[in-house]
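One-letter residues, chain by chain:
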Amino acid sequence: MAQSTELHSFTLDEAVQAIKSKKTKPLDFYQALRKRVDAIDSRVRAYLNFAEPAAVPQSSNGGLLSGIPISLKDNISTEGWETTCASQILKGYVPPYDATVVRKLKEAGAYIFAKCNMDEFAFGSSTETSAKGPTFNPWNTAYVPGGSSGGSAACVAADEAICALGSDTGGSIRQPASLCSVVGLKPTYGRVSRYGLVAFGSSLDQIGPITKTVKDNAMLLGVIAGHDPRDSTSASAPVPDYVKELERPIKGMKIGWPKEYFIDGIEPSVRHALQEAAEVFKSLGASIQEISLPHTSYAIAVYYVVATAEASSNLAMFDGVRFGIRAKAETLRDVYLETRDLGFGREAKRRILMGTFVLSSGYYDAYYRRAQKVRTLIKDDFVQAFKQVDLIMTPTSPTTAFKLGEKMEDPIQMYLSDIFTISMNLAGAPVISIPCGFDPKGLPIGFQLVGNYFDEPKIFRAAHYFEQATPFHKMKPKI
Amino acid sequence: MNYEPVIGLETHVQLLTRCKIFCSCPTSFGEQPNKNTCPVCLGLPGALPVLNGKVLELAIKAGLAIDCQIAERLRFNRKNYFYPDLPKGYQISQFKHPICFGGFIDIVLPSGSKRICITRAHLEEDAGKLLHEGIPDGSYVDFNRAGVPLLEVVTEPDLRSSSEAYQYLTMLKAVMRYAGVSNCNMEEGSLRCDANVSIRPSGSEKLGTRAEIKNLNSFRAVQKAIEYEIKRQTELLDTGKTVAQETRLWNESRQVTIAMRSKEEAHDYRYFPEPDLVPFTVSREEVERIRKMLPELPRDLSDRFQKQYGLTAYDAGVLVQEQRLAHFFEEAVKCGTQPKSASNWIQSELLGILNERKLSIEKSPVSAKDLAELIALIEKGTISGKIGKEVLPRMVDEQKTARQIIESSGLTQITDEAAIGKVALKAIQANPKSVEAFKSGKETALGYLVGQVMKETQGRANPQLVNKILKEKLEQTI
């Protein structure tokens, strides 16, 4: 049992091998993780609640992820297990069904280990808008872990999980992955079923893996990807063997360096880390080429019209009628008003108001319609770029992690922390964030590799080679 | 002042599918509350809609049946508003790009036929139902209806009276039922209607301010509400007041419309494209395939009835309103009845008898063959037409054939001239005044005497013979 103290730090690949070889039982992993959680989660606060030991599979079902514990962002529906999106309004809501990704994980032999903290309804970039209180960055608990999948990124970074799933509407997987030094992928829109993911921006949302290594990420995506007859927006394109593709060399690969992403506001340490990363790629036989994504500067404006419009409608179902909390009031109107006033936090209210405004009669054309037109231009930027290059590399976040409370009173500053991640959601393109260094304060830096539609294999290959050539994925926070 | 009413109707037709529009829950009526529900139609977080392909097929079929064009692309929009029967806080509907547009329905009026243009017909999901009765401190919601597929058929403001509206609904229902896209049963909520009503000075081209009337749960309610609304608006204008643009509710028990919300209070539905349902192309091949599936529709049948059987447009129009009725008519003709007399007997006798007994034509105990036999007996002179009219309701009630009733009740027509002669003589002797009147040239006096003979024979005497014999006898006495 000497080994069991280390089990929590296993990668997914290592855990799968350990269980397969019968060296370790699924329950050993469960216990090791619970122990780790007991030791440190009071300082990280990545988690909201946990599975009972009885949920751990006794034996392998022969699936790829047999006996593997998965940590899940709390906006992914789990049958019989409270799913709150870290919102007061969903307190006590227990879904009667599993999200498609949960079903697929279970079919592969995995089980849900715990539900992770997040920004309320995924509205935020710091996990500070959670109604359950913030999550802290394991690298320095005075700092935010990023968001909105802050719990999912922090638990993986702190070895409180083997791997996790997050969701990404405007950077919610990649930005916390970058701020916590883990690997986070937002797949191509439609690659992973959204059925059971509580919707934020339906045309932008994707579920994706947050892992300790690129290989783990490829393994996990292979399990959750694929067409789902319950999601009309899911793609029918076949799912390749992502792990098998990893080892194909990247010599001769052309990587684009979009000049619009290397602006003045970017932190020097981030810029430096990106330049170093480019050198690594060159040394691996890839070439770096400056490209242009001319409509980049419109991304934030477009995003905060489209995403809030969809969110304002998606959040209308939280009315106190069928589930969650319900305020006591005299009239129907007051039941709505008071339930939603009590149930939603400030950021949720702000986004509902913005979204309602941009869809209102008389404003629709000026905001929503125009935003959709610019969205097409942003998408076209990527289509054009991928005629020249195989992948595009950009910083994930203009800065490393910021302090708790630093941006909470200034929504615009908070929104700007997603400046490099939003375009890919608007375009629907697949994109990964992987670790590439640390700033002088010891806070992690990540960068993104964007691929063409459904070209996750190429993203994984480049990311894998980069990871193998660099030490960052092996570095662990001291917590 | 004289006003012309201007009326447009918005009719929700429930499409006849086994499953709901965006999930696989059954659409069956009369289930235990919330039995036909799932995460999708309950609007649970994370659930997503997937279009039931059968719904699209039926919508296209319905559109083609009312001569609509079919959109190149199928797109859905979200219509956002809060109400407890609307699970998601928005209804998935269509907005600027309805699946069907630009059609028409020809209605049959005693004055001739009139074309009512169809602006559009769009797909949407139904909401649930609120239950208040027997609940002391609150309401319950039944979501069995939530997600039931509806086609909302919207007319141009082409209707000019409540009876035109009634005829339009009758014909819409007929077409939808012929096409097999809906059973249009108002009691089960599979056909619902809102009416937009305005009036304008006769001769004016400018439309008046309209009121939208909701909660119309029967064809009669539609008629009554329109009539009430015309009267209400006329009184307003005649007393120098103005009509407010508003939504009004029909109150069935008080037979009035009541203001529900004004234009200012109208919802801003914030329509936007439904991101969960990607627009897709409706192939022209598919449209043509569906067009070929259409059966003979009421107007085709009406044309054929006029040509083949020489019926008037009005008679043919009435017969084709119900497919079963049209079949009934044709059956009777096939059994040898003259088309004109089959049409008359069905329209002026049988339908009335069935209506009184609240029976539909398909539930009629008298088959087309039975009716044909009755008519044949009359035409052969076995019974008189008058007796025939008495026999028909008994056929319905006793579920016997005409022949059985006639034989068991001794209703066979008297054609024995000697027998009639005796009764005729009696009538002449008993009514000297009428005889005098006849002699002085009053033809109507003969009618009275014929009546006496018929009365005496309980209607069984052959009327032509009675006429002939009476005349002969009266002339003999001159």
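Residues numbered from 1 in each chain as written. Chains lettered and ligands numbered in written order. Predicted model: local features only at pLDDT ≥ 70, side-chain atom pairs only at ≥ 80, totals over all residues. Heavy atoms only, no water.

**Notes on the overall build of chain B**
Just so we agree on the cut-off: For helices the rule is a DSSP run of H or I covering at least 4 residues; for strands it is a run of E covering at least 2, with both sets numbered from the N terminus onward. The globule rule used for comparison is 2.2 Å times the number of residues to the exponent 0.38, while the radius of gyration itself is calculated over C-alpha atoms. For every residue, the accessible area obtained with a 1.4 Å probe (protein chains only) is divided by the maximum for its type, and the residue is called buried under 20%, exposed over 50%, and partly exposed between those limits. Throughout, a contact is declared for two residues whenever any of their heavy atoms are within 4.5 Å.
Summing up its helical and strand segments, chain B has 15 helices and 16 strands in all. What you see for chain B is a C-alpha radius of gyration of 29 Å, clearly larger than the 23 Å of a compact globule of 478 residues, by over 25%. With respect to the principal axes defined by its C-alpha atoms, chain B has extents near 95 × 55 × 50 Å. With 478 residues in all, chain B has 53% of them scored as buried. The contacts of chain B with a sequence gap of at least 6 include a subset with a gap of at least 24, amounting to 69%.

**Considering the overall build of chain A**
The condition that has to hold: Using a 1.4 Å probe, the Shrake-Rupley method yields the accessible areas, and only the shown protein chains count as cover for residues. The positive count covers Lys and Arg only, the negative count covers Asp and Glu only, and His and the chain ends enter neither. Every charge is mapped to an atom, namely NZ of Lys, CZ of Arg, CG of Asp or CD of Glu.
Secondary structure assignment for chain A yields 15 helices and eleven strands. Relative to a compact globule of 479 residues, whose C-alpha radius of gyration would be 23 Å, chain A shows 21 Å and is just as compact. Each of the three principal axes of chain A carries a C-alpha extent, and together these read 65 × 55 × 45 Å. For chain A, with 479 residues in total, the buried portion stands at 65%. A fraction of 76% describes how many contacts in chain A between residues 6 or more apart in sequence connect residues 24 or more apart. Counting every atom, chain A has about 17,000 Å² of accessible surface; 53% of that belongs to carbon and sulfur. One way to put it: in chain A the 53 positive side-chain charges average out to a point 3 Å from where the 50 negative ones average out.

**Points about the confidence of the model for chain B**
Keep this limit in mind: Every residue gets a pLDDT, meaning the predictor's confidence in that residue, from 0 to 100.
When pLDDT is averaged along chain B, the result is 92; 100% of the residues meet or exceed 70. Across the interfaces of the predicted complex, the ipTM metric reaches 0.96, alongside a pTM of 0.90.

**A closer look at the interface of chain A and chain B**
Many descriptions give the size of an interface as the accessible area lost when the pieces come together. The cut-off we apply is this: Accessible area that two parts lose when put together, evaluated with a 1.4 Å probe and summed over both, is termed the buried area. Salt bridge, as applied in this entry: a Lys or Arg side-chain nitrogen positioned within 4 Å of an Asp or Glu carboxyl oxygen. Polar contacts here mean pairs of N or O atoms no more than 3.5 Å apart (in protein, one a potential hydrogen donor and the other a potential acceptor; neighbouring residues in sequence count only if both atoms are side-chain atoms).
Counting from both sides, the interface comprises 40 residues of chain A and, opposite them, 32 residues of chain B. Summed over both partners, the interface of chain A with chain B buries about 2,700 Å², with 62% contributed by carbon and sulfur atoms. On the surface where chain A and chain B come into contact, there are one salt bridge. With a closest N to O distance of 3.0 Å, arginine 194 of chain A and aspartate 276 of chain B form a salt bridge. At the junction of chain A with chain B, the criterion picks out 14 residue pairs in polar contact (both at pLDDT 80 or more).

**Remarks on the domain arrangement of chain A**
Residue and element names in this part refer to chain A. The criterion, for reference: Domain extents, as shown, originate in an automatic or database domain assignment.
Here the domain parsing of chain A yields domain 1 (2-294 + 379-474) and domain 2 (296-378). Centre-to-centre separation of domain 1 and domain 2, based on C-alpha positions: 26 Å. With 38 residues of domain 1 at the interface, the matching set in domain 2 holds 32 residues. When the two sides are added together, the surface that domain 1 and domain 2 hide from each other amounts to roughly 3,000 Å², 62% of it contributed by carbon and sulfur. Counting the surface domain 1 buries against domain 2, the share from its top three residues, Ile89, Tyr415 and Leu426, is 26%. Seen at the junction of domain 1 and domain 2, the total is one salt bridge. Residue arginine 346 is joined to glutamate 409 by a salt bridge in which the shortest nitrogen-to-oxygen separation is 3.8 Å.

**Points about the domain arrangement of chain B**
Segmenting chain B into domains produces domain 1 (3-290), domain 2 (296-409) and domain 3 (417-477). A C-alpha centroid distance of 62 Å is found between domain 1 of chain B and domain 3 of chain B.

**Notes on the packing of aromatic side chains**
Residue and element names in this part refer to chain A. Counted only if it meets this: For Phe, Tyr and Trp, where Trp contributes only its six-membered ring, two rings pair if their centres lie within 6.5 Å, and the inter-plane angle classes them as stacked under 30 degrees, edge-to-face over 60, or tilted in between. Charge-over-ring contacts are defined here by two conditions on Lys NZ or Arg CZ: a distance within 6 Å of the ring centre and an angle within 35 degrees of the ring normal.
What the rule picks out here adds up to 38 aromatic pairs over all chains. A centroid spacing of 5.8 Å and a plane angle of 70° characterise the contact between phenylalanine 50 and phenylalanine 113, whose relative ring orientation is edge-to-face. Here phenylalanine 50, found in strand S1 (residues 47-50), pairs with phenylalanine 113, found in strand S3 (residues 111-116); they are 63 residues apart in sequence, far enough to count as distant. What makes phenylalanine 50 partly exposed here is its relative accessible area of 23%. What links up through ring pairs into an aromatic cluster is the set Tyr93, Phe121, Phe123, Phe200, Phe318, Phe323 and Phe344. Its guanidinium or amino end placed over the ring of tryptophan 81, lysine 115 lies 5.7 Å from that ring's centre, counting from NZ or CZ.

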